[in-house]
Amino acid sequence: MDGTGFHLVVAATAPVIGVETPTDPGSFQARCIEDYQASQAVRGFSTLTIDNGAATLERFLAACGRPAWEVNCEDIDRVVGGLATVGMATSTRRGYVSVFKGFFSFLLERKAAQIEAMFGVRLVDPIDTFNAARHVGAESPHVPPPPTPQRMETFFAFLRERVAIARVFAAAGRDYALFRTLYHAGLRTEEAVMLDTADLHFDRGPFGKIHVRYGKAAKGSGPRPRWVPMLDGLDLILKWYLADVRSPMAAGVVLFPDQSGDRLHRGSVRNRLAHLLDLECVPAADRFSPHAMRRACATHNYERGMDLVAIQQLLGHWQVGTTMGYVRPSATFIEDAYRRAVSTTLSTFEEEPR
């Protein structure tokens, strides 16, 4: 054992017939990822799922700082612990570990002998019973509550101020419209970045609707499209964005382009939000992620009386039980509901003829 938790096997001095000579670890790992993606395509995974998984895997491996076959238990503990320290949601951290485990299982099944011959490493799965991602329910204290309506208003007020004074008006205006869309429409980050201008239908329904063509797939299926209403004045924000902000930014079809006019990556959205929160200079307790904005959308709509099934349709969940896990009412939710009920009852009594 080499001290990293791996059993090392010394290669024989004589050349092994039929085995590649040692090559650059980075290049070999890239080829392994390509082969893994090809196997996912054969199993029926959607292109969006495959691409998102590859991006997550590459970020995780970069954080580990070594090729996948050299990653050990301590690396997993260090990286996942670091993600927890910066406030990443438990479900997101679990997704990182799950993506890596899937890739490592592929290496064990398809590439173990080749890796041992080329690099002298016998594969040992670094995901064990002590660092395997444990499912944490919505009631767990490790899952922070979503930002409150007041916190979201403070954040959007900060973004509006930036639009007024920003040196790069187009980028500041895009940020404002993008994060308003994430919150009011409850979109996933990858759904928002895949939107085109043609997906906005202002004349559909009483509020206008967004055609989410790349809704999250389920169980390896293709994308599940859905129609999302532009609630809380989102239609006015997006009309302003198209008329006054986006036109000078890009001539293409992408709704939220980057500075070069290309489609934003979901990682860029997460990094952009983190940067804006840094500029806002808020304490750690007031920071949140793009996914937390989606949970806030579910919670705030539920607290003001929207039906749970309607929220399920808004978020694009397959099961209403998933939606229930997103709803985290405030500490005074029961008391507030009681006051509304009593107030309604008293109003009814007062209106009845004597």
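Residues numbered from 1 in each chain as written. Predicted model: local features only at pLDDT ≥ 70, side-chain atom pairs only at ≥ 80, totals over all residues. Heavy atoms only, no water.

Structural notes on the pattern of salt bridges
Inference 1: Inspection of the entire model under this criterion finds 17 salt bridges.
Inference 2: In this structure, the salt-bridge partner of Arg-226 is Glu-191, at a minimum N-O distance of 2.9 Å. Of the two residues, Arg-226 sits in strand S5 (residues 226-229) while Glu-191 sits in helix H7 (residues 189-193), which places them 35 residues apart along the sequence. Assigned by exposure class, Arg-226 and Glu-191 land together as buried.
Inference 3: Notably, a salt bridge pairs Asp-232 with Arg-304, separated by 2.8 Å at the nearest N-O pair. Taken together, the residues Asp-232 in the loop between S5 and helix H8 (234-249) and Arg-304 in the loop between helix H10 (290-303) and helix H11 (308-315) connect sequence positions 72 residues apart.
Inference 4: Taken together, the salt bridges that share partners define one network made up of Asp-196, Asp-199, Arg-213 and Arg-263. (Salt bridge = Lys/Arg side-chain N within 4 Å of Asp/Glu carboxyl O. Helix = DSSP H or I, 4+ residues; strand = E, 2+ residues; numbered from the N terminus. Buried < 20%, exposed > 50% of the residue type's maximum accessible area, 1.4 Å probe, protein only.)

Description of the confidence of the model for the chain
In regions of low pLDDT, the predicted coordinates are not meant to be interpreted in detail.
Inference 1: Across the chain, pLDDT averages 84, with 82% of residues at or above 70.
Inference 2: Counted against residues more than four places away or in other chains, residues 1-21, with its pLDDT under 50, gives 28 contacts.
Inference 3: Note on residues 135-142: pLDDT is under 50 here. Beyond four places in sequence and across chains, it has 9 contacts. (pLDDT = per-residue confidence, 0-100. Contact = heavy atoms within 4.5 Å.)

Overview of the sheet that holds S5
Inference 1: If you trace the 3 strands from one edge of the open sheet to the other, you get S3-S4-S5, paired in antiparallel fashion. The outermost strands of the open sheet, each flanked by one partner alone, are strand S3 (200-201) and S5.
Inference 2: Bridge count for strand S4 (residues 209-212) against S5 is 4 bridges, and the pairing is antiparallel. Looking at S5, one finds that Lys-209 is bridged to Pro-229. (Pairing = 2+ DSSP bridges.)

Observations concerning the side chain of Thr-56
Inference 1: Along the chain, the position of Thr-56 falls in helix H2 (residues 47-64).
Inference 2: A relative accessible area of 7% means that Thr-56 is categorised as buried.
Inference 3: Side chain to side chain, Thr-56 and Arg-266 meet in a polar contact 2.8 Å long. (Polar contact = N/O pair within 3.5 Å; in protein donor to acceptor, adjacent residues only side chain to side chain.)

Remarks on unusual backbone geometry
Inference 1: Unusually for a residue other than glycine, Asp-232 sits at a positive phi of about 55°.
Inference 2: On the basis of relative accessible area, Asp-232 is assigned to the partly exposed category, the value being 42%.
Inference 3: Non-glycine residue Cys-281 carries a positive phi angle of around 55°.
Inference 4: Assignment of secondary structure puts Cys-281 in the loop between helix H9 (266-280) and H10.

Observations regarding the side chain of Arg-162
Inference 1: Assignment of secondary structure puts Arg-162 in helix H5 (residues 149-165).
Inference 2: Setting aside anything within four residues of it in sequence, one finds Arg-162 in contact with Ala-172, Asp-175, Arg-272, Leu-276 and Leu-279.

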